[in-house]
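# Fold and contact review
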Amino acid sequence: MAVIGDKVVRALNQQLNREIYSAYLYLSMSAYFESIGLKGFAGWMRAQWHEELMHAMKFFDYISSRGGRVELFAIEEPPKSWESPLSAFEHALEHEMKVTKLIDELVDLAIVEKDHATFNMLQWFVGEQVEEEKTFREIVERLKMLKDEKSALFLLDAELGQRKFGGEE
Ligand SMILES: [Fe+2]
Ligand SMILES: [Fe+2]
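What comes next concerns the included structure. Nothing here was measured: the structure is a model prediction, and the numbers come from that model. (Residues numbered from 1 in each chain as written. Chains lettered and ligands numbered in written order. Predicted model: local features only at pLDDT ≥ 70, side-chain atom pairs only at ≥ 80, totals over all residues.)

## Details of the overall build of the chain
Scanning the chain from terminus to terminus reveals five helices and zero strands. Of the regular secondary structure in the chain, the N- to C-terminal order runs α-α-α-α-α. Projected onto its principal axes, the C-alpha coordinates of the chain cover approximately 60 × 25 × 25 Å. Looking at the chain residue by residue over its 169 residues, the buried ones come to 28%. Within the chain, residue pairs in contact and separated by at least 24 positions form 77% of the contacts whose partners lie at least 6 positions apart. (Helix = DSSP H or I, 4+ residues; strand = E, 2+ residues; numbered from the N terminus. Buried ≥ 20, exposed ≤ 12 C-beta atoms within 10 Å, placed from the backbone. Contact = placed C-beta atoms within 7 Å.)

What follows is the structure, encoded as C-alpha cells:
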C-alpha cells in the first residue's frame, strides 16, 4: 500500500485540531448555558463536546492506520459567553458551516492527490456535516420562534436535556 502523502497528513492533522476546537467551543457553550440556568441546553452541548471528540479520534485513528504521524497543535481559546441562547446557536451553526467548507476542501485535496482511501474516509464526514448543520439549524429556528417566551424556552430546555451521549450519533 502506498504511504500516505505528507500534504494529506498535514491537512488531516489540521482537521483533527479543528475537531478538538469544535469540542472546546461546545464545552464553552455548555458552561455558558450552565451559568444562565439552562441545564438541558448545557447537557446537550456536553453531548456535542463528546461527539466532536469522537470526530477528532476518527482522524487520529485514520492517520495512524495509514502510517502517518499524528501531530497535536495548540487549541485556540473559544469565546466564553454569548448574548442569548439564540446567538450561541447561531454561532454554532455558522461554525458548522465553516467546518463543512473545510471538509469539502479536504475532499478536494484527496482528489488532487489521487488518495482514494482518504477520499473514502472523508465521505463519512460529508454526510455527518449535512446532519450537523440540519440539527443546529432546527434549534436556531425554534429559538427564533419562541423569542422571549420564558415558558417555551424552559420546555425546549427540558427537551434538549433528553439527549444522551456516548453513542455514535
Ligand atoms: Fe465535527
Ligand atoms: Fe460538528
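## A short note on the environment of Met-29
With respect to the helices, strands and loops of the structure, Met-29 is situated in helix H1 (residues 6-35). The sequence separation of Met-29 and Ser-81 amounts to 52 residues, and the corresponding C-alpha distance is 7.2 Å. Among residues more than four places away in sequence, those in contact with Met-29 are Met-45, Ala-88 and Ala-92.

## Observations regarding the environment of Tyr-26
Inspection of the secondary structure puts Tyr-26 in helix H1. Residue Tyr-26 is classed as buried on the basis of its 24 C-beta neighbours within 10 Å. C-alpha separation for the pair Tyr-26 and Phe-89, spaced 63 residues apart in sequence, amounts to 9.9 Å. When sequence neighbours within four positions are dropped, the list of residues in contact with Tyr-26 reads Met-45, Gln-48, Trp-49 and Glu-52.

## Quick look at unusual backbone geometry
Outside of glycine, negative phi angles account for most residues, and trans bonds account for most peptide bonds. With a phi angle near 55°, Lys-114 is a residue other than glycine that sits in the positive phi range. With respect to the secondary-structure elements, Lys-114 resides in the loop between helix H3 (85-112) and helix H4 (116-146). Accessibility expressed as a C-beta count within 10 Å gives 10 for Lys-114, which makes it exposed.

## A look at the packing of H1 against H3
Direction vectors running N to C along H1 and H3 enclose 170°, while the axes themselves pass 11 Å from each other. Considered as vectors, H1 and H3 are oriented roughly antiparallel to each other. Contacts from Lys-7, Val-8, Ala-11, Gln-15, Arg-18, Ser-22, Leu-25, Met-29 and Tyr-32 in H1 reach Ala-88, Ala-92, His-95, Val-99, Leu-102, Leu-106, Leu-109 and Ala-110 in H3. Class assignment for the residues of the contact of H1 with H3 results in 12 nonpolar, three polar and two charged. (Axes fitted to C-alpha atoms, helices over the stretch in contact; angles between N-to-C directions. Parallel < 35°, antiparallel > 145°, perpendicular 65-115°, else oblique. Nonpolar A, V, L, I, M, F, W, Y, C, P; charged D, E, K, R; others polar.)

## As for H4
Helix length check: H4, at 31 residues, gives a terminal C-alpha distance of 46 Å against a target of 45 Å (1.5 Å per residue), a fit within 8%. Among the residues making up H4, those that are buried are Thr-118, Met-121, Leu-122, Phe-125, Glu-132, Phe-136, Ile-139, Val-140 and Leu-143. Next to the buried residues of H4 lie H1, helix H2 (39-65) and H3. Count one or two residues on from H4 and you reach Lys-147, which has phi positive near 45°. (Expected span 1.5 Å × (residues − 1).)

Note that every value here comes from positions in space, so none of it alone points to a role or purpose.
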